[in-house]
Amino acid sequence: MDVHQRSLKTVDDSALSGKTSKTKNLKHDSQSQPSLYLTNAVFFGLFFSVAYFLLHRWREKIRTSTPLHVLTISEIVAVLSLVASFFYLMVFFGIGFILHPFAAFRAVQYDEEDAAEIDKTSGSCLAEVSPKLPPLPPNIGANKVAPAPVLISSDDEEVVQAVVSGSIPSYSLESKLGDCRRAAAIRNQAVERVTGRSLEGLPMENFDYDSILGQCCEMPIGFVQIPVGVAGPLLLDGKEFTVPMATTEGCLVASTNRGCKAIYVSGGATAVVLRDGMTRAPVVRFNSAIRASQLKFFLEDPQNFDSLAHTFNKSSRFARLQNIKSTMAGKNLYIRFTCSTGDAMGMNMVSKGVQNVLDFLQSDFPDMDVIGISGNFCSDKKAAAVNWIEGRGKSVVCEAVIKEEVVKKVLKTSVESLVELNMLKNLTGSALAGALGGFNAHASNIVSAIYLATGQDPAQNVESSHCMTMMEAVNDGKDLHVSVTMPSIEVGTVGGGTQLASQSACLNLLGVKGASKESPGANSRQLATIVAASVLAGELSLMSAIAAGQLVKSHMKYNRSTKDVTKIAS
């Protein structure tokens, strides 16, 4: 028995001595850690401080048109310090990253060998005491086990109850389930139970919920069906277009289609894009109006535009700053940036560029307080005079000459009647109403329908429907010249809802799907002219119906259901 005890003590002593040596190594490593951290911190600080110094100096050179390759003594020292610190950091972290897996492997291997040796020695010494020792626990320190992910039940009913009780947030279903369609279905049921209202009739199937995740709609419970009709062919600038229109209003597609026919048989319409620039106007504040005016003068100085444009344009390969206009309200400054955005509608693009410029200005105007990236001087999704006068998005004018016989046979009215009605209704009547950009019959109808069909932002129908309709007799009073002037059509053919399958199909029908490879921005400008030409067709047809006294009659015929509503209700 003593022999066994001495053997066990020997094993314990050897293990203890090995453990002591390892402890000494660990203490040595721990003592070297602070100096290593300090060295790394010094080189990190040197790298970023020198980089900031050089960037600041190069920006000054750009402003003063000084060649970048002309270096001062301090700049040469800064460049050498930058290279040295960069080389150190790359060598240190690069080698550490490469050798880390091998070091970890060797550590695990050594630990396993030590454990096996102890197990072997202990087994031989204690063979007569115990037939078999329990295995040693695994080395958890060498391989860290990640915590198991939180799993949601595969039973939909349990998940619905969890959402209703609040234990699972409704907004997190997509990330927790990993299935967007299932998440929408569960949320649909949860909403019914929480509200006590039925969602029967709201479709769920045959929709790609993955396509809207993170870009179009949050917490979906289904989708709304809007019928899509087509008007045309619309003959515009020698090309024929079949125009998709998503609407629930009867007569709208039929009326626009009649206008398209009148334009087609009269030789077609022509359109021109006058301006193409999206806007964003942040509001900044200073301690005094004098200080705010200094920034205003700085921004409007042509000598500063190149450096501002360079900073702005770095936000995107398509964003190009066109101009900056600013106005003051006391010590507050509203800065309206305008830039081209390629085939995108461009709100996010221009916002990123504006943020770059604000960060750039902060160094010269450290007392500038940025109140908001948008100060409503843009102006987005609101009827505003600045858009009516300055334009936003695409500014388009579209015109056509409608022959006298077409006015009589297709539109069922006369040139004189249309000219008089347009003056008294669209111009005088709108002026009496104090209209802002509303000098038209129903431009918003056509704009909204095309926007819904092609995946545009429906809320931007507000400023995009700004329109002035003009009519006058030409060719000795026989023919009708009609035009629409629309200064702020905000459309895009990439991004947002344009990527959805249905909306993408409608864009493809018009031949403007996606970005133009030959000329960036061409597809979105083409779409803007199609919108304007379709509005022209709609204005022609509605005004003719009013002049001929057919408006009420046509709506009673085409915009009223013939179904027995009492039977449906019962």
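Our subject in this report is the structure included herewith.

Scoring rules and cut-offs
- Residues numbered from 1 in each chain as written.
- Predicted model: local features only at pLDDT ≥ 70, side-chain atom pairs only at ≥ 80, totals over all residues.
- Heavy atoms only, no water.
- Salt bridge = Lys/Arg side-chain N within 4 Å of Asp/Glu carboxyl O.
- Helix = DSSP H or I, 4+ residues; strand = E, 2+ residues; numbered from the N terminus.
- Buried < 20%, exposed > 50% of the residue type's maximum accessible area, 1.4 Å probe, protein only.
- Contact = heavy atoms within 4.5 Å.
- Core = buried A, V, L, I, M, F, W, Y, C linked by side-chain atoms within 4.5 Å.
- Phe/Tyr/Trp six-rings, centres within 6.5 Å; stacked < 30°, edge-to-face > 60°.
- Polar contact = N/O pair within 3.5 Å; in protein donor to acceptor, adjacent residues only side chain to side chain.
- Pairing = 2+ DSSP bridges.
- Patch = residues over 30% accessible without salt bridge, like charges linked within 9 Å, V, L, I, M, F, W, Y side chains within 5 Å.
- Areas by Shrake-Rupley, 256 points an atom, 1.4 Å probe, with all protein chains shown as cover.
- Expected span 1.5 Å × (residues − 1).

## Overview of the pattern of salt bridges
All chains considered together, the criterion is met by 16 salt bridges. R182 is paired through a salt bridge with D156; the nearest N and O atoms lie 2.7 Å apart. Within this pair, whereas R182 is found in helix α5 (residues 180–195), its partner D156 is found in helix α3 (residues 156–165), the two being separated by 26 residues in sequence. We classify R182 as buried; its relative accessible area is 18%. In this structure, a network of salt bridges that share partners links the residues D380, K381, R392, D457, E463 and E490.

## Quick notes on the environment of V401
Here V401 lies in strand β8 (residues 393–402). Residues V401 and A262, 139 residues apart in the sequence, show an inter-C-alpha distance of 9.7 Å. Every residue in contact with V401, bar those within four places of it in the chain, is listed here: S266, V474, N475, D479, L480 and H481.

## So, the nonpolar core
Ranked by size, the top nonpolar core spans 52 residues in total, and within it M245, I402, I489 and V535 carry the most contacts. Take this core: its biggest share by element is 12 residues, from helix α16 (residues 522–547). Once you skip the residues sitting within four places of it in the chain, M245 turns out to touch P227, V228, G229, A231, L252, V253, T256, I446, A449, I450 and A453. With 28 residues, the next largest nonpolar core counts V284, L321, I324 and L333 among its residues.

## Describing the packing of aromatic side chains
Going through the model one piece at a time under the given rule, you end up with 7 aromatic pairs. Relative to F48, the ring of F47 has its centre 5.3 Å away and its plane inclined at 85°; by these criteria the two rings are edge-to-face. Centroid distance F312 to F337: 6.2 Å. Interplanar angle 15°. Geometry classified as stacked. Of the two residues, F312 sits in helix α8 (residues 302–313) while F337 sits in strand β6 (residues 332–340), which places them 25 residues apart along the sequence.

## Things to note about the environment of S516
Note on placement: S516 falls in the loop between α15 (501–510) and α16. Discounting chain neighbours no more than four positions away, the residues touching S516 are D343, A522 and N523. Looking at S516, its side chain comes within polar contact range of the main-chain oxygen of S519, at 3.0 Å.

## Notes on the pairing of strand β2 (residues 239–246)
Looking at chain direction, strand β1 (residues 228–236) and β2 are connected through 7 bridges and run antiparallel. Within β2, the residue paired with L234 across the bridge is F241. The hairpin turn running from β1 into β2, its antiparallel successor, is 2 residues long, and D237 in that turn takes a positive phi close to 50°.

## Topic: a nonpolar patch on the surface
Where nonpolar side chains cluster on the molecular surface, the patch consists of L55, W58, L71, I73, I76, V77 and L80 and spans about 680 Å² of accessible area. Only α1 (2–64) and α2 (73–125) provide two or more residues apiece to the nonpolar patch. Ranked by the residues each element gives to the nonpolar patch, the list is headed by α2, at 4 residues. Within the fold, V77 resides in helix α2.

## Some words on helix α7 (residues 289–300)
Under the 1.5 Å per step criterion, the end-to-end length of α7 is 16 Å for 12 residues, consistent within 8% with the ideal 16 Å. Every buried residue of α7 is listed here: A292, S293, L295, K296, F298 and L299. The elements touched by buried residues of α7 are β4 (283–285), α8, β5 (320–329), β6 and α9 (347–362).

## Examining α16
The end-to-end C-alpha distance of α16, which contains 26 residues, comes to 37 Å, matching closely the 38 Å that a straight helix rising 1.5 Å per residue would cover. The first or second residue beyond α16 is G549, which carries a positive phi of 70°.

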